[in-house]
Amino acid sequence: MEPVKGRRETIVFISVSPNPPKSQTSAPRAHPVHPPATPPVRVRSLSTPLLWRFYESLLRIRLSEQRISRLYPTDKIQSPIHLSTGQEAVSVGVCQALRKGDHVYGTYRGHGLYLALGGGLKGFFAEMFAKTHGCSHGKGGSMHLVAPEVGLMGCSAIVASMIPVATGDALAASIQGSSRVIVAFFGDGAVDAGVFYESVNFALLKKLPILFVLENNGYAVHSKVAERHSRTDLHRVLAGVGLRGRRLEGNDVRQVYGAAQEALRSVRQGAGPLLLELTTYRWQEHVGPQSDIDGSYRRPGEKARALRRDPLGICRHALLERGATSRRLDALCARTESEIDRAVAFAEKSPFPGVGQLLRGVYR
Amino acid sequence: MNSSRRRLMSYGETIRQTLHHAMDRDPSVLVMGIGVDDHKAVFGSTLGLSKDFGTRRVIDTPISEAAMTGVAIGAAVGGMRPVHVHMRCDFLYLAMDQLMNLAAKWSYMFGGRMSVPLVVRCVIGRSWGQGAQHSQSLQSFFMHVPGIKVVMPTTSADVQGLLLAAIADPNPVLVIEHRLLYGIQGMVPSVFRAAPFGQTHVRRTGKDVTVVANSYLVVEALKAAEFLSRHGIDIEIVDPVSLVPLNAGPIVESVRKTGRALVTDTSWVSCGTSAEIAALIAEKAWDRLRVPLRRLGNAPATCPVSQPLEKAFYPDAWKITRNVFEMMGRKFPEGKWKDDDIQFKGPF
Ligand SMILES: Cc1ncc(C[n+]2csc(CCOP(=O)(O)OP(=O)(O)O)c2C)c(N)n1
Ligand SMILES: [Mg+2]
C-alpha cells in the first residue's frame, strides 16, 4: 500500500513484516492468587468473515485518522486531537466481543473506540469539524465523543475520571438485574490516579459487571510507566485487593478479541470485575496531527518494534494467509476511503450550530 | 525604574527565569507537576530547571493531582517551598479537597502556629476547541474560601513580581496564568524583586467608563479601548492582579471618576469574581454611578468547541465595546468590523 506522508514523518501506512508474526502473544502471566488466565485464543477457530470484520474496522479507524491528519493544516478542525493510530486493535478487539446493550466509557483518545463500536462516520467527522450534525452537536469536539446508540456513553478529557462513572453504571446494571456489561477504557496514566483504586475496590466489593481495559501505550504524554510507578506490571497492581488481571499484547486483534471474549463471559456470568491490560504503542504525538515516533523522549528500538507489530499489518497478514487476495484488500481500502470522502463532504456541508444553541442543553 | 535596567521578555520566559532565580537563591524551592521535566516543559515555563537543579527538586509527578497536592502541602509543612504546576486550571478540581480543607485552613485551625508556604500555578486555556474540560478559570472558587491567596498576573512584570512574592509568602498562594499571555512580551526589571500582594493596576487611564479586566481580558480591553477611542470614547482599564487580598481602592476611585463601571472576568458571572467586584463598587461608589453597573464573563454554559459558539461564549473586545457604547447611551457604529480591525500584539 502507498505510504502516506505525514508532515515530519512518512508514516508507513500498513507495514507487513516479511516474517509473518506467529499467532501468539506474550505468554500471559499466571495470577499469583487466582487461577491462571485463559490461554491465548486459538486463532484458527476464528471465522474468515470475522477476520474481515476486524480488518474493516481497523482500517476505518486508521484511514479516518489519516484523513484527520491530512485535513488538519486547513484549520478546519479547530480542536486538540489525540490519535489512536497504532493502537486500533485494542478498541476493535474488545468492541467486537461486546453485545448489543453493553455500555462503554472512554477517554479523549476516543476516535478508535467510537469507530470500533460502530459510531457513524458522518457524525464523527462532523464532530471533528464541530458542526451541528456531529455526534456531540459540535459542542464536545474530538475529546468528547458520544454514541449511546452503539453503547458509547461518553469520553472524558480528565484522566481516569470515567473509571468511577463506568463503575456506577455497573452498579446500576446490577441493581436493575440487567445483563449488560460495562467496559471502562483508560490509559496507563489513569492507573496513577486514586479513583482507579477506589473504583476497583468498590466494584470488587459489590461484584459489579465491569471490565477494566487498561490501554498501555507506554506513555502518559512523555512520561514512561516506569517513571510514574514503582512496579510496571500494571495488571497486577491491584491483585492485593483481589482484582483479577491479565496482560497481553494488544496489537493482534485476534488475541485481543479472544481475551476480551473470555473476560466478558466471566464478567457477564457474575464473577465480578476483571482487568485486561493491553500493551500497545502510540505512533503519533500525544496531541496533534503529526507523528513524533522519532521523538527524543522515546526509547531506541521502540519504533521498529511498533512498526513490526502494526495492528493492521498483523490482521492483513492473517487474511492473506487465509487466501485473501490483495485485490480484495485494496478494494476494501478504496471503499473505506470513499465512505470517508462522503463523511467529510457531509461534515463540510453541515452548518455550524447557531448562536442560539449556546445556552441550550446546559440542563435538560 | 530606569529603562536601561529593564528588559523585554515574554510572559512564559519570565516565568522560567523567575523560577530559575528562586531555585538558585533558595534550596528549599522545588518545582513539581506533570511534565515539568519533559521537553515541552509546561509551555516552556519550566524548561531547563531539571537540568540545572536535578530531578530531586524538579519532580515529574504521576497523574495523581489529589494526592500530589497533599504531598506538596506536606513538603511545605516539612520545610520546603513547593511550586506545584498544572497545565490547566481544570485539573485543580481534583486538588480541591487538599487545598480547601487543609492548605487554606492549616494556619488558622492550628492557632496560627504553623503555615503552608505552598505555590500552585495553573494555566487557563482558551481557543482552539479547548472545550468543556480544558478551558476553565477557577479564581472565583478560590476567592470564596479564606486562607488561600489568589493572583492573576497579566504582564511579564506582574508574573515576575507575583511569582516571587508567592514563593516568599508563608501562605498557600494560587497563581493563575493564561495560555494566551505566554507569548506576549513585556518589560521586566532586570533585578528580581517580589511585588507586594494587594495591588490593582490602572492599565490605561480614561474618563468615560471604567472597565475592570483581569488576565488575558486586559488584552481584549486594550483592543476595545483602541476602537472606542477612534469613536471618541475613552475607557479606563483597571486590573486587579491580586484578587486575594484585593485592593478595591483604585477600582472605586476610577468608578467615582467615570461614573460608569463594566466589570469583566475570565470566569462565569454568577457568584464570580465579577460579582464580588461589582458588589464592592455598589458598596463604595453607588452614589457616583450614572448608569447601572454591568458585568461581562463567560456565558452561563459549558465551553463549547464549535467556533461560532466559542466566540459567543467568551467575553472579548467586541462585547466590551458594545457594552461601553450602550453605557454611554450611544449606538454601536454599524459596519462590517473584523477582528483584525483591532489588535494588540504587545508589548505591555
Ligand atoms: C486529571 C488530569 N491531569 C492531567 C491531565 C493532562 N493530561 C492529558 S492526557 C495525559 C496523559 C494520560 O496518559 P494515559 O492515561 O496513558 O493516556 P494516553 O494519552 O497515553 O492515551 C495527561 C497528563 C488531564 N487530562 N487530566
Ligand atoms: Mg498512555
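Residues numbered from 1 in each chain as written. Chains lettered and ligands numbered in written order. Predicted model: local features only at pLDDT ≥ 70, side-chain atom pairs only at ≥ 80, totals over all residues. Heavy atoms only, no water.

When the pLDDT values of chain B are averaged, the result is 97; 99% of them are 70 or greater. At the level of individual helices and strands, chain B shows its lowest average pLDDT in strand β1 (residues 6-10) of chain B, which scores 95, and its highest in strand β10 (residues 209-212) of chain B, which scores 99. (pLDDT = per-residue confidence, 0-100. Helix = DSSP H or I, 4+ residues; strand = E, 2+ residues; numbered from the N terminus.)

This part is about the site of ligand 1. Inspection of the region around ligand 1 gives 19 residues, with Tyr108(A), Arg109(A), Ala157(A), Asn217(A) and Glu65(B) positioned closest. Among the chains of the assembly, those with residues near ligand 1 are chains A and B. Between ligand 1 and Ala157(A) there is a distance of 2.8 Å, counted from a nitrogen atom to a backbone nitrogen or oxygen. At 2.9 Å from an oxygen atom of ligand 1 is found a main-chain nitrogen or oxygen belonging to Tyr219(A). (Near = heavy atom within 4 Å. Polar contact = N/O pair within 3.5 Å; in protein donor to acceptor, adjacent residues only side chain to side chain.)

Take the interface of chain A and chain B next. With 35 residues of chain A in contact, the opposing surface of chain B contributes 28 residues. Interface of chain A and chain B: buried area, both sides summed, is about 2,600 Å²; carbon and sulfur atoms make up 65% of it. Sorting the residues of chain A by area buried against chain B places Gln78(A), Ile158(A) and Leu358(A) first, and these three jointly supply 24% of that buried surface. Remark: the boundary between chain A and chain B carries zero salt bridges. Linking chain A to chain B there are 12 residue pairs in polar contact (both at pLDDT 80 or more). Partitioned by chemical class, the residues of the side of chain A that touches chain B number 18 nonpolar, 12 polar and five charged. (Contact = heavy atoms within 4.5 Å. Buried area = accessible area lost by both parts, 1.4 Å probe. Salt bridge = Lys/Arg side-chain N within 4 Å of Asp/Glu carboxyl O. Nonpolar A, V, L, I, M, F, W, Y, C, P; charged D, E, K, R; others polar.)

Residues and elements named next belong to chain B. The strand order across the open sheet built from five strands is β9-β11-β10-β13-β14, with neighbouring strands paired in mixed fashion. Strands with a single pairing partner mark the edges of an open sheet, and in this sheet they are β9 (201-204) and β14 (294-298). Strand-to-strand twist of the sheet, defined as the mean angle between neighbouring strand axes without regard to direction, takes the value 25°. Note that β9 and strand β11 (residues 235-239) share three bridges and pair antiparallel. Within β11, the position partnered with arginine 204 by the bridge is isoleucine 237. (Pairing = 2+ DSSP bridges. Axes fitted to C-alpha atoms, helices over the stretch in contact; angles between N-to-C directions.)

Attention shifts here to helix α10 (residues 326-349) of chain A. All names here are of chain A. Helix length check: α10, at 24 residues, gives a terminal C-alpha distance of 34 Å against a target of 34 Å (1.5 Å per residue), a fit within 8%. Within α10, burial applies to Leu329, Leu332, Cys333, Thr336, Glu337, Ile340, Ala343, Val344 and Ala347. Against α1 (48-71), α4 (121-128) and α9 (311-321) lie the buried residues of α10. (Expected span 1.5 Å × (residues − 1). Buried < 20%, exposed > 50% of the residue type's maximum accessible area, 1.4 Å probe, protein only.)

This part takes up the packing of aromatic side chains. Across all of its chains, the model carries 21 aromatic pairs over all chains by this definition. On the numbers, 6.4 Å between centres and 65° between planes, the contact of Phe186(A) with Phe212(A) is edge-to-face. Of this pair, Phe186(A) sits in strand β5 (residues 182-187) while Phe212(A) sits in strand β6 (residues 210-216); the two residues are 26 residues apart in sequence, bridging distant segments of the chain. Note on Phe186(A): relative accessible area 3%, which makes it buried. Ring centres of Phe227(B) and Trp337(B) lie 4.8 Å apart, and the angle between their planes is 85°; this geometry places the pair in the edge-to-face category. On the criterion of sequence distance, the pair formed by Phe227(B) in helix α8 (residues 217-230) and Trp337(B) in the segment after α12 (317-327) is long-range, its members being 110 residues apart. Accessibility expressed as a relative area gives 32% for Trp337(B), which makes it partly exposed. Each residue in the set Phe227(B), Trp318(B), Phe325(B), Phe332(B) and Trp337(B) is aromatic and connected to the rest through ring pairs, giving one cluster. The ring centre of Phe197(B) lies 4.5 Å from the NZ or CZ of Lys149(B), which sits over that ring. The ring centre of Phe332(B) lies 3.9 Å from the NZ or CZ of Arg322(B), which sits over that ring. (Phe/Tyr/Trp six-rings, centres within 6.5 Å; stacked < 30°, edge-to-face > 60°. Lys NZ or Arg CZ within 6 Å of the ring centre and 35° of its normal.)

Right, let's talk about the sheet that holds strand β4 (residues 81-86) of chain B for a bit. Residue and element names in this part refer to chain B. Taking strand neighbours across the sheet as the criterion, the seven strands line up as β3-β2-β4-β5-β7-β6-β12 in an open arrangement whose pairing is mixed. In this open sheet, the two edge strands, each paired with only one partner strand, are β3 (58-60) and β12 (242-244). Neighbour-to-neighbour, the strand axes of the sheet open up by a mean angle of 20°, direction not taken into account. Looking at chain direction, strand β5 (residues 119-124) and strand β7 (residues 173-178) are connected through six bridges and run parallel. Counted as the bridge partner of valine 123 is glutamate 177 from β7.

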